[in-house]
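Each chain is listed here by its residues.
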Amino acid sequence: MGEQTQITTTKKIEQTLVFAVNGQRFELSQADPSTTLLEFLRSQTSFKSVKLGCGEGGCGACVVLLSKYDPKHDKVEDFTVSSCLTLLCSVNGCSITTAEGVGNSKDGFHPIQERFSGFHASQCGYCTPGMCVSLYSALVNADKTDRPEPRPGFSKLTVSEAEKSIAGNLCRCTGYRPIADACKTFATDVDMEDLGFNSFWKKGDTDEVKLSRLPPYNQNNATCMFHEFLKKEAKVGFNMASEGCHWYSPISLEQLQSLLQMDEGNDGTSMKIVVGNTGMGYYKELVHHKKYIDLRYIPELSIIKKDQTGIEIGASVTISKAIEALKEGNEDGFNQEGNMVFKKLADHMERIASGFVRNSASVGGNLIMAQRKHFPSDIATILLSVDTMVDILTGQRQESITLEEFLARPPLVSKTVLLGIKIPCWKLCRDISSKTYTKLLYETYRAAPRPIGNALPYLNAAFLAEVSLCKTSAGIALNNCRLAFGAYGTKHSIRARKVEEFLSVKLLNVGVLYEAIKLLESSVIPEDGTSSPAYRSSLAVGFLFEFLSPLINNPADISSFSCDGYNSALLFNDSKIKQNFDQFDQIKFSTLLSSAKQVVQLTEEYYPVGEPITKTGATIQASGEAVYVDDISSPRNCLHGAFIYSTEPLARVKGIKFKPGSSPDGVTTLISFKDIRGENIGAQTIFGSEPLFADELTECAGQRIALVVADTQKNADMAANLAVIDYDKENLEPILSVEDAFERSSFFEVPPFLDPEQVGDFSKGMAEADHKILSAEIKLGSQYYFYMETQTALAVPDEDNCMVVYSSSQCPEFAHDSIAKCLGIPGHNVRVITRRVGGGFGGKAIKAMPVSTACALAAYKLHCPVRMYVNRKTDMIMAGGRHPMKITYNVGFKTNGKITALKLDILIDAGMSADISPVMPHNMIGSLKKYNWGALAFDIKVCKTNRPSRSAMRAPGEVQASFISEAIIEHVASALALEVDSVRSINLHKYDSLELFFKTSAGEPLEYTLPSIWDKLATSSSFYHRTEKLKEFNRCNKWRKRGISRVPIVHPVMLRATPGKVSILRDGSIVVEVGGIELGQGLWTKVKQMTAYALSLIQCGGTEELLEKMRVIQADTLSLIQGGFTSGSTTSESSCEAVRLCCNILVERLTGLKERLVEQMGSIKWETLILQVEVNLLTGQTTILQTDIIYDCGQSLNPAVDLGQIEGAFVQGIGFFMLEEYPTNSKGLVVAEGTWTYKIPTVDTIPKKFNVEILNSGHHKKRILSSKASGEPPLKLAVSVHCAIRAAIKEARQQLHSWGGLDESHSVFQLEVPATMPVVKELCGLDSVQRFLQWTIGRK
Ligand SMILES: Cc1cc2nc3c(=O)[nH]c(=O)nc-3n(C[C@H](O)[C@H](O)[C@H](O)COP(=O)(O)OP(=O)(O)OC[C@H]3O[C@@H](n4cnc5c(N)ncnc54)[C@H](O)[C@@H]3O)c2cc1C
Ligand code: FES
Ligand code: FES
């Protein structure tokens, strides 16, 4: 059949695409079917609140609410989707609501946005619009339900739903607690007491007062507006042709078959079947398809049909809809077992991806990905365990086969369509009337870095078993079972048939279980190349053990026989069995987070400084109106750049070309070092510069080699992907490790002023020691910034050879200088403007410069604006991140744990250029001095290697030093078999040792608050009592162990001079400029407070009025020079001091400021923390139960902002110590490329109870209005997570030792950073289950 005939069968083509965005009608007659909704919204509309954070469904920054009319039921469905994966053509007839549509500055903000602001739930703000839309959708949907009317002012949402509404959204700044609180304010069952610190009410206010102070919410107005005109557009099916591309929405199987036949003869790549298109999040689109076939309008594929025999689900039914159907049960009633199985399937599906992915992801798409591409599917595993059938259609041939067969077949051809599945309704095989007592058990499992989803599992499993109580032996017999496993590095989910056969008709006992587990070990074997294979196999064992062992009532009976009789005793009422089951239960929390305490002490001395006023601009961040660099509309003729980077660590670059046969679209040119007129400088610091592009020699994998410039960002990215570099590696030997660097003496020089001094006499200290640990080693890896906004810049050529560059930068001044040098033009020809940055954490300092410089270079050469938004993968590859290092230490100590001498040899991997790495020794030693080591000697080498240069990342060197200190303390405690806490206590500084270690920066004796904080925390958080309770818990629980730790930190702060400018305009309004950049840390807010305070001193009016009249404006390097770096946690303080001086002596401006600030250098600050964790010994999963931080902020400039900084930094530290792996291949090329593999903390991985107290330690004449920093130090406190996990593991190893699984040295072990699930499980014993069973058998 010819193409023409086919098209007629798919109805009229060339319809227009009609939809609405925030009430605005859009009608398109042409659209490239590969365009995503995000691309359209960001490039064709004014709605920029949808942010591109990952482009793969993993971050939630792009979430929108999609409203769809269902003509059949005459109702509108509202649900969130990720606009980065949703294809534009698939929104025909839909209404889209972005954060601007939820509320905005012109029409009025929505209470969600106001409450986010008042609860300090927005810092950099890049995640905030997505968060608000996620919550908005939850509100709209809860309020549509027929639940009882909520209390006035609340919605029908529950606390648990409120928390989960943002579970798929990532935030790198806040630590989630304030976001969760803002969400919970809407929940009808919220206890107002549980809501955290906010700017609406004061401590002690009654619930009524609190409610009255919240921006009001009226649930009757919550319904999302769906525009009538769209109802008419709600066509069934929609087809469009555009520039040789087609979008088809067939409305019958016949039409689909014709379309598929039309593609006959092709290799299948020109045509793509789509439903939700979420598969693209995993399998990135590298080819351009000409035809898209949307399956969502084919009735057979959309059915959900239930009868006594089971549930039929069409292939294009979304996972969310499937969950609903499975939970609902059946009007005619499924039997009890059937319902139980369906409910458990639904529960498991709720942990797949996140709500906004499940809302568009189809069940069929998932199974097809599992079948064709070996996707590690959850759905395949759970459905396999319940004998699901699938219907497929190939050409005219329709087949109904088992899911097992479907998965085992060779990858289906592209024209095969999955029609649907049928899940049988399970019931007991045995006849109830035969007086036997039989029960159907069903359970599903998954072990993943994030407990409630948005992370692929290391392994998943589902077990169905029919068990009976055996009359003769009083044991439990297993009649039959189905055991499915998947996602462990297997081609597809499998049934462990041998184990099933072995177990069937067996009386369960320890021996049987042991044999079954042995068999299972040989069935679940990950394929070569899978990460952590032994861990994954051990998970399979752990889960089976968890499923079956509670049923083993009487471990004494090892005999195995078939039961021939059953009685109807109360099988599962047996309390012992229940108790057995309970010991495996994850700690059951009805909500993700329990109430937390934030204690802050407010002072009015410098009013409004010290007030918890809301962050400047937080509401416009929440509505998405805040403008980030990539939100600036593209000037005319704007081009886009993408970096081509090296994949070799050291090689001569012979040439660059595009893959043979490829002709990338829209490419204008390639820019390389040859196009540089000035110096080849991409970034610079006081320690030197880094080339913008590799010249003849590339010095690391990830180094920039060229910039491809194209008409769109998508085309530039695609072209960069197609680049092939010709290398010559002859006679070049890269340095890829610090050991290599040491051998080849490849080091960066550390200037004398940054070379820290040794303390005391090491040899003498060692001589005094009773015990020594010699040459112990620790290795630490890197961490990626994961700012939500990746690196970005826009360069616009101006008259007379000038260049204006909008950059997302923490130090525009240095970017300015690099640009001028690279372009070979005077500094006054360049202007760098930075308004706000979507998260920096150090990564937008040096690493942002090459992005601005490359755009400027391209713009200069091409005489047109050039912009770049670096994609997440490239950003991760180039970022460098935190410094990895190798530490070797010798430590001497007394029998009571007092350390007398410590020597450290540290090799820091700085990468290919110096960046800021020479400051590392200084930073590290400052932090290491938190304990009195007696004598402290060190040799720190900053190694030059062929890896991307490492840069500053929040608390650079300091967080590692904090870890090293604790690791040494732990080692000493283990060696002496002492409690770690007592070793910590005995090594805390007294004032005299503090003076010895810190010299003048030790401050006055009275300022040394650490010992008092240390004791205060022990009392306020009942440390000793909790330690006792924890010991009891560990005694009673075999498979869960808890650990607790209390750690101190000390943080030397440095202040740098920063400029400020305060102008009073004719109308009395005030404009403030500061050198510091607003990164989300609340700098502008503090600056406003300080300006208001200072101006009020010179009688300029009331401070509240002043705050209203004031605007802090974007940084502009020609307006305010020498802005410096926004880093080191103290830029807010410096900027505040600068504006204070401006206000006091408006004419004198900066004179004298520098000297003043230099004098203020070097004060130190203290914090301490107690942390309690629970480790699941079967999976290695750690839950942080409670954190109690006491933080000395001096006198906080704004306690709300500081609280946010403390929590946010701490959670970033949790990421470093528990979750974030930043691996590279053997060439040093980063292989973690996005949200699939790089796991930052989410709302379900933060402490369940997160208590923070900001201690107001009063005056300090050398600090700015007595404030101490809050941006970085708390990150170091997160080391306590590691210490507490270690304590729990120690308990587990002690137990394993008692089972004969470990030798006497079990208490001395290294816990890697990050302590991921595989790492923890390995230390707890990969074979702990087998050991336990052997031990149990041996005892009989
Ligand atoms: C961020 C994220 C996290 C995820 N986490 C998990 C997880 O933890 N566990 C898990 O199991 N899954 C997970 N997934 C996978 C998700 O379930 C699938 O992407 C989704 O179900 C695919 O459905 P879709 O409708 O979007 O398919 P599409 O993307 O539209 O299609 C996927 C593929 O299947 C083909 N296809 C679709 N339907 C049919 C059909 N009926 N017949 C023939 N071919 C068809 C398409 O041509 C395409 O090749 C995750 C996905 C994302 C984006
Ligand atoms: S950008 Fe869409 S989910 Fe991250
Ligand atoms: S505020 Fe959430 S990412 Fe910055």
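Residues numbered from 1 in each chain as written. Chains lettered and ligands numbered in written order. Predicted model: local features only at pLDDT ≥ 70, side-chain atom pairs only at ≥ 80, totals over all residues. Heavy atoms only, no water.

*Asks:* What's the story with the nonpolar core in this structure? I'm lost.
*Replies:* One recurring pattern in soluble globular proteins is that nonpolar side chains are buried together. Among the nonpolar cores identified, the biggest contains 302 residues, and F406, F485, L904 and I964 are the most heavily contacted of them. The greatest single-element share of this core, amounting to 11 residues, is contributed by helix α39 (residues 1199-1219). For I964, the residues in contact, after removing those within four places along its chain, are I778, L780, M885, I887, L904, I906, M924 and L928. Within the second largest apolar cluster, 31 residues are counted, among which are L37, L88, I96 and W247. (Core = buried A, V, L, I, M, F, W, Y, C linked by side-chain atoms within 4.5 Å. Buried < 20%, exposed > 50% of the residue type's maximum accessible area, 1.4 Å probe, protein only. Helix = DSSP H or I, 4+ residues; strand = E, 2+ residues; numbered from the N terminus. Contact = heavy atoms within 4.5 Å.)

*Asks:* Looking at this structure, I do not really get the pattern of salt bridges. What am I missing?
*Replies:* Pairing is possible between side chains that carry opposite charge, provided their charged atoms lie close to one another. In the structure shown here, the tally under the stated rule is 65 salt bridges. Residues D1116 and R831 are paired through a salt bridge, measuring 2.9 Å at the closest nitrogen-oxygen approach. One end of the pair, D1116, is in strand β42 (residues 1115-1116); the other, R831, is in strand β33 (residues 830-834), with 285 residues separating them in the sequence. Judged by relative accessible area, which is 31%, R831 ranks as partly exposed. (Salt bridge = Lys/Arg side-chain N within 4 Å of Asp/Glu carboxyl O.)

*Asks:* In this structure, what is going on with the site of ligand 1? I would like to understand it.
*Replies:* Neighbouring ligand 1 are 34 residues, the closest being I273, T278, G279, S362 and D378. Here G279 contributes a backbone N or O atom positioned 2.8 Å from an oxygen atom of ligand 1. Within the backbone of A353, a nitrogen or oxygen atom sits 3.5 Å from a nitrogen atom of ligand 1. Isolated, ligand 1 exposes 970 Å² of accessible area, and the fraction of that covered by the protein chains is 96%. Ranked by residue count, the leading element in the shell around ligand 1 is helix α15 (residues 363-373), at 4 residues. The residue makeup of the shell around ligand 1, split by class, is 20 nonpolar, 11 polar and 3 charged. (Near = heavy atom within 4 Å. Polar contact = N/O pair within 3.5 Å; in protein donor to acceptor, adjacent residues only side chain to side chain. Areas by Shrake-Rupley, 256 points an atom, 1.4 Å probe, with all protein chains shown as cover. Nonpolar A, V, L, I, M, F, W, Y, C, P; charged D, E, K, R; others polar.)

*Asks:* Please explain the sheet that holds strand β3 (residues 63-70) as it appears in this structure.
*Replies:* Hydrogen bonds between backbone groups are what pair the strands of a sheet, and the pairing can be parallel or antiparallel. A sheet is described by the order of its strands in space; here 5 strands give the open sequence β2-β1-β5-β3-β4, paired in mixed fashion. The open sheet has two edge strands, β2 (24-28) and β4 (75-82), and neither has a second partner. Looking at each pair of strands side by side, their axes are set apart by 25 degrees on average, direction ignored. Sheet analysis places β3 next to strand β5 (residues 95-97), joined by 3 bridges and oriented antiparallel. By the bridge assignment for β5, L66 is matched with I96. (Pairing = 2+ DSSP bridges. Axes fitted to C-alpha atoms, helices over the stretch in contact; angles between N-to-C directions.)

*Asks:* Looking at this structure, how should I read helix α33 (residues 1010-1020)?
*Replies:* Every α-helix winds through 3.6 residues per turn, so residues three or four apart in the chain are directed the same way. Among the residues making up α33, those that are buried are L1010, I1013, W1014, L1017 and A1018. Projected down its long axis, α33 carries its buried residues within an arc of 135 degrees, all on one side. Within two residues after α33, S1022 carries a phi angle of roughly 50 degrees, on the positive side. (Arc of directions from axis to C-beta.)

*Asks:* Looking at this structure, how should I read the UniProt feature "binding site: [2Fe-2S] cluster 1" (unreviewed entry) in the protein chain?
*Replies:* The UniProt feature table records "binding site: [2Fe-2S] cluster 1" (unreviewed entry) at C54, C59, C62 and C84. Taken together, the annotated residues stretch across 31 residues yet fold into one region, lying no more than 10.2 Å apart by C-alpha. When residues no more than four places from it in sequence are discounted, the contact partners of C54 are C59, R872 and T1235. One can find C84 in the loop between β4 and β5. Residue classification places C84 among the buried residues on the basis of a relative accessible area of 5%. In contact with C84, other than residues within four places in its own chain, are T36, L38, L52, G55, E56, G57, C62 and M280. (UniProt positions renumbered as here; feature names shortened; annotations may be inferred.)

*Asks:* Mind showing me how you'd approach the sheet that holds strand β21 (residues 639-645) here?
*Replies:* With mixed pairing, 8 strands are arranged side by side in an open sheet as β23-β27-β21-β34-β31-β32-β33-β42. Among the strands making up the open sheet, the edge pair consists of β23 (667-671) and β42. Bridge count for strand β31 (residues 792-798) against strand β32 (residues 802-807) is 6 bridges, and the pairing is antiparallel. Of the residues in β32, the one forming a bridge with P797 is M803. The strands that helix α23 (residues 713-721) touches are β21, β23, β27 (704-710) and β34 (866-869); relative to β21, the one it contacts most, it runs at about 20 degrees.

*Asks:* Looking at this model, I keep getting lost on the UniProt feature "active site" (unreviewed entry) in the protein chain. Mind explaining?
*Replies:* Cross-referencing UniProt, the feature "active site" (unreviewed entry) maps to E1272 in the present numbering. Examined against the element boundaries, E1272 turns out to sit in the loop between β45 (1249-1255) and α40 (1273-1277). A relative accessible area of 10% places E1272 in the buried class.

*Asks:* So what exactly am I meant to see when it comes to the packing of helix α19 (residues 510-523) against helix α20 (residues 533-548) here?
*Replies:* Relative orientation and spacing of two packed helices are given, respectively, by the angle between their axes and the distance between those axes. Between α19 and α20, whose axes approach to 10 Å, the crossing angle comes to 150 degrees. When the axes of α19 and α20 are compared, the pair comes out roughly antiparallel. α20 is crossed by α19, and the crossing has right-handed handedness. Contact with α19, carried on its side by L513, I517, L520 and E521, involves A540, V541, L544, F545 and L548 of α20 and no other residues of that element. (Parallel < 35°, antiparallel > 145°, perpendicular 65-115°, else oblique. Left-handed = near helix turned anticlockwise from the far one by under 90°.)

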